[in-house]
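Here is how the chains run, residue by residue.
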Number of protein chains: 2
Amino acid sequence: MPLRSDVVTPALHPLDAEDLRSRVDKSVEDMLTRQAAVLDEVGDDLSPLMEALADLLRGGKRLRPAFCYWGWRGAGGADCSEIVNVATSLELFQAAALIHDDVMDGSDTRRGQPAVHRRVAALHRRDHWLGSPEAFGVAGAILAGDLCLSWCDEMYAGSGLPAEDLLRGRAVFDRMRTELMCGQYLDMLESAQSSTTVERARHVILYKSAKYTVAQPLLLGGALAGAESELLSTYDIYGRAVGEAFQLRDDVLGVFGDPATTGKPAGDDLREGKRTVLVALTLERCSPAQAAQVRAGLGDPRLGADGVDALREVMVECGALAAVEELIETQSATALAALAGVDEPARTVLDQLVAAATTRTG
Amino acid sequence: MPLRSDVVTPALHPLDAEDLRSRVDKSVEDMLTRQAAVLDEVGDDLSPLMEALADLLRGGKRLRPAFCYWGWRGAGGADCSEIVNVATSLELFQAAALIHDDVMDGSDTRRGQPAVHRRVAALHRRDHWLGSPEAFGVAGAILAGDLCLSWCDEMYAGSGLPAEDLLRGRAVFDRMRTELMCGQYLDMLESAQSSTTVERARHVILYKSAKYTVAQPLLLGGALAGAESELLSTYDIYGRAVGEAFQLRDDVLGVFGDPATTGKPAGDDLREGKRTVLVALTLERCSPAQAAQVRAGLGDPRLGADGVDALREVMVECGALAAVEELIETQSATALAALAGVDEPARTVLDQLVAAATTRTG
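This one's a predicted model, so the numbers in the text were calculated from it and none came from an experiment.

Asker: Help me out: how do you make sense of the overall build of chain A in this one?
Answerer: The secondary structure content of chain A amounts to 16 helices and two strands. Relative to the compact-globule value of 21 Å for 362 residues, chain A shows a C-alpha radius of gyration of 20 Å, a close match. When its C-alpha atoms are laid out on the principal axes, chain A stretches across 60 × 60 × 35 Å. A buried classification covers 63% of the 362 residues belonging to chain A. The long-range share in chain A, meaning contacts at least 24 apart out of those at least 6 apart in sequence, stands at 77%. Accessible area of chain A: about 12,700 Å², with a carbon and sulfur share of 53%. Between the mean site of the 36 positive side-chain charges and the mean site of the 54 negative ones, chain A shows a separation of 2 Å.

Following this line, the structure appears as structure tokens:
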């Protein structure tokens, strides 16, 4: 699990990205206005739930929409508001995944705010309602995530693109949703089974992150624009490579990141027992004594600063950190090389998005 | 909350219902086969999750598909497999709602089997994985419900009906999903706030049950077939009335039903503290001493057989049970009267479906 909110370093933001971001923000706002009207009609009591959703949805960095939009442009699609709407539907999907993921992980914060289940629980606590605030918070967040899942699809179908064009994107759109749920389940299973091989960890990354963060948004944009199979293959190679590098960077930040920029306490991923590629490489390379130390610390919710430091040291010393950095480099290079066949201006933007996704600090 | 599995008494099943049911079953099987192939590709570890979903999806009594199908036929739509696929998408929506509802309520069983979260937890327990089996079960069920929500939409969009026809049904389809989530939230809120007025309880019923069980499936079928607004108004009147009567019957069965036919322990709704119309009417009509007794018993998980009997007695004595039965009668009569304007054969089937939905015993 933990799905990290995507924080892309502003300095690395590619050409036109600010413009696209504000258009996605606008599309999000329009959708929020429409849905708030529906919720209002049902009853005033829904407004705190709507506010929690709105706050979360306003916070995204719009990485998936960017890949979708440039996948469309790279396949010759003309700029239009309809493709921005489709791209925005991916933000709703991401919000659903984050809300449910935070429930599953019991995470406290998201995008610098309390997680949705914590917000709903706080409501219960504040007004001294009957029953358990935690259970109420979880139930509210399950429903909030369900709303986002439904709205994702509503936004896709109602984007304004012709229905026959939308049908072309359906295979990618449908598979993306199913595969992410599967990837999330596999990720849970890895932690529960405490199985850690590099191969398995990379397999999980592919499904829980790489495909739906980069490859599938890009392929969706391409399919909608009627891309040839050669370009779709290029997108797939680029997308899987950048997607994996994105997640590997996330995993490194989860252990070595600065809490000031990641927004998460240092070493939180270790306490949660995440079975990352970094952890798998560490266990492959370190001494038996160190391996015992890593296994003991991993998933220990009481692991303190010293314990985190000790595990970091093992990861550095055995060369696992360097190996992950090398893998990020290799995957970035693969992605950049694949771009040779993509036309401008998409090529330049997709080139810059590699750095944005893989060299970020938070 | 508790969403009851819909058990329709076979003797009351309308004309052609068995045929339609087997066609929906077939459509469910085809979908399961397609999705199992996707999950297999991701990994073998997904198969227990797929099995849990398949078992749940095979168990439905196909009430919502029946309303959708006959809404289509009543509006002049010709029989075809495509509308059966759309109708089947509602079973996936219902499955998602049930899976998530069982997590929210902490229910143990569904459709005579362990709830999905219990099945997934049992897997964890059997294989002695790390961490909490309960938390793993909840996480697995959240993902399982998410899969059903995505598949619902996939089935709708991929039903085979022309894309422009599907667009006509979108307004109903989208609103149905949003409104059910809202209704579920309101229902939780009623229990948490222990607010119980007849008016509020009826408002919750409308959104958590009546609309998505009867009115919206019917309106969806009608809208897809291009029904005139007059027929849609008829459907709406009929749907809200039958839908409310359906839920009122459910509430009565939740307190007075025979566990052998309802599949739930006697008085479970009382222990769960459900704020039903029956409860609201009881509190409105009974003496202050009885009201104190009802409030004390409601939501008490340790309420025994004697306690359940005592609350039942209050409900009978003060006339609340009779009042609910009268409301069911009135709503059924409203629905039957509305059918005058519907053409055959839909009229006869919809007529019979009133009894199927409101006079069932389990």
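Asker: What exactly am I supposed to notice about the packing of aromatic side chains here?
Answerer: What characterises a pair of aromatic rings is the spacing of the ring centres plus the angle enclosed by the ring planes. Taken as a whole and assessed by the stated rule, the structure comprises 12 aromatic pairs over all chains. Taking the centre distance of 5.0 Å and the plane angle of 90 degrees together, the rings of B:Tyr69 and B:Trp70 count as edge-to-face. Each member of the pair, B:Tyr69 as well as B:Trp70, is classed as buried. Joined through ring pairs, the aromatic side chains of A:Trp129, A:Phe136 and B:Tyr185 make up one cluster. Lying across the ring of A:Tyr212, A:Arg64 places its NZ or CZ 4.5 Å from the centre.

Asker: Would you mind showing me how to read the relation of the copies chain B and chain A here?
Answerer: Two copies of the chain are present, and they differ by a rotation about an axis and a shift along that axis. Overlaying chain B with chain A gives an RMSD of 0.0 Å, the required rotation being 180 degrees about an axis along which the chain moves by 0.0 Å. Those values place the two copies in the arrangement expected of a two-fold rotation axis. Considering only C-alpha atoms, the part of chain B nearest the rotation axis is B:Ala163, at 2.8 Å. Looking at chain B, 100% of its interface residues are interface residues in chain A too, so the copies touch through the same face.

Asker: Where do I start with the pattern of salt bridges in this structure?
Answerer: Opposite charge on two side chains makes pairing possible when the charged atoms of those side chains draw close. Scanning the entire structure with this criterion turns up 64 salt bridges over all chains. The salt bridge partner of A:Asp174 is A:Arg170, with a shortest N-O separation of 3.1 Å. Taken as a pair, A:Asp174 and A:Arg170 lie in helix 7 (residues 163-193) at a separation of four residues, close to a single helical turn. There is no split in this pair, since A:Asp174 and A:Arg170 are both buried. Here B:Arg110 makes a salt bridge to B:Asp102, at a shortest N to O gap of 2.8 Å. Its relative accessible area of 8% is what places B:Arg110 among the buried residues. Within this structure, A:Asp153, A:Arg170, A:Asp174, A:Arg177, B:Asp153, B:Arg170, B:Asp174 and B:Arg177 form a network of salt bridges that share partners.

Asker: Which parts of the structure should I look at to understand the interface of chain B and chain A?
Answerer: Bring the parts together and some accessible area is lost; that lost area is often taken as the interface size. Of the residues lining the interface, 53 residues belong to chain B; the matching set on chain A comes to 53 residues. Interface area, chain B with chain A, both sides summed: about 4,900 Å², of which 69% is carbon and sulfur. Inspection of the region where chain B meets chain A yields eight salt bridges. One salt bridge in this structure joins A:Arg200 and B:Asp45, with 3.8 Å as the shortest N-O distance.

Asker: Can you help me understand the environment of B:Thr88 in this one?
Answerer: Residues and elements named next belong to chain B. The residue Thr-88 is located in helix 4 (residues 81-105) in this model. Taking the C-alpha atoms as reference, Thr-88 lies 8.4 Å from Arg-64; in sequence the two are 24 residues apart. For Thr-88, the contacting residues outside a window of four places in its chain are Val-24, Ser-27, Val-28 and Met-155. Side-chain polar atoms of Thr-88 contact the backbone oxygen of Val-84, separated by 2.7 Å.

Criteria and thresholds
Residues numbered from 1 in each chain as written. Chains lettered and ligands numbered in written order. Predicted model: local features only at pLDDT ≥ 70, side-chain atom pairs only at ≥ 80, totals over all residues. Heavy atoms only, no water. Helix = DSSP H or I, 4+ residues; strand = E, 2+ residues; numbered from the N terminus. Rg over C-alpha atoms; globule rule 2.2 N^0.38 Å. Buried < 20%, exposed > 50% of the residue type's maximum accessible area, 1.4 Å probe, protein only. Contact = heavy atoms within 4.5 Å. Areas by Shrake-Rupley, 256 points an atom, 1.4 Å probe, with all protein chains shown as cover. Lys, Arg positive; Asp, Glu negative; His and termini not counted. Charge placed at Lys NZ, Arg CZ, Asp CG, Glu CD. Phe/Tyr/Trp six-rings, centres within 6.5 Å; stacked < 30°, edge-to-face > 60°. Lys NZ or Arg CZ within 6 Å of the ring centre and 35° of its normal. Least-squares fit on C-alpha atoms with pLDDT ≥ 70 in both. Salt bridge = Lys/Arg side-chain N within 4 Å of Asp/Glu carboxyl O. Buried area = accessible area lost by both parts, 1.4 Å probe. Polar contact = N/O pair within 3.5 Å; in protein donor to acceptor, adjacent residues only side chain to side chain.

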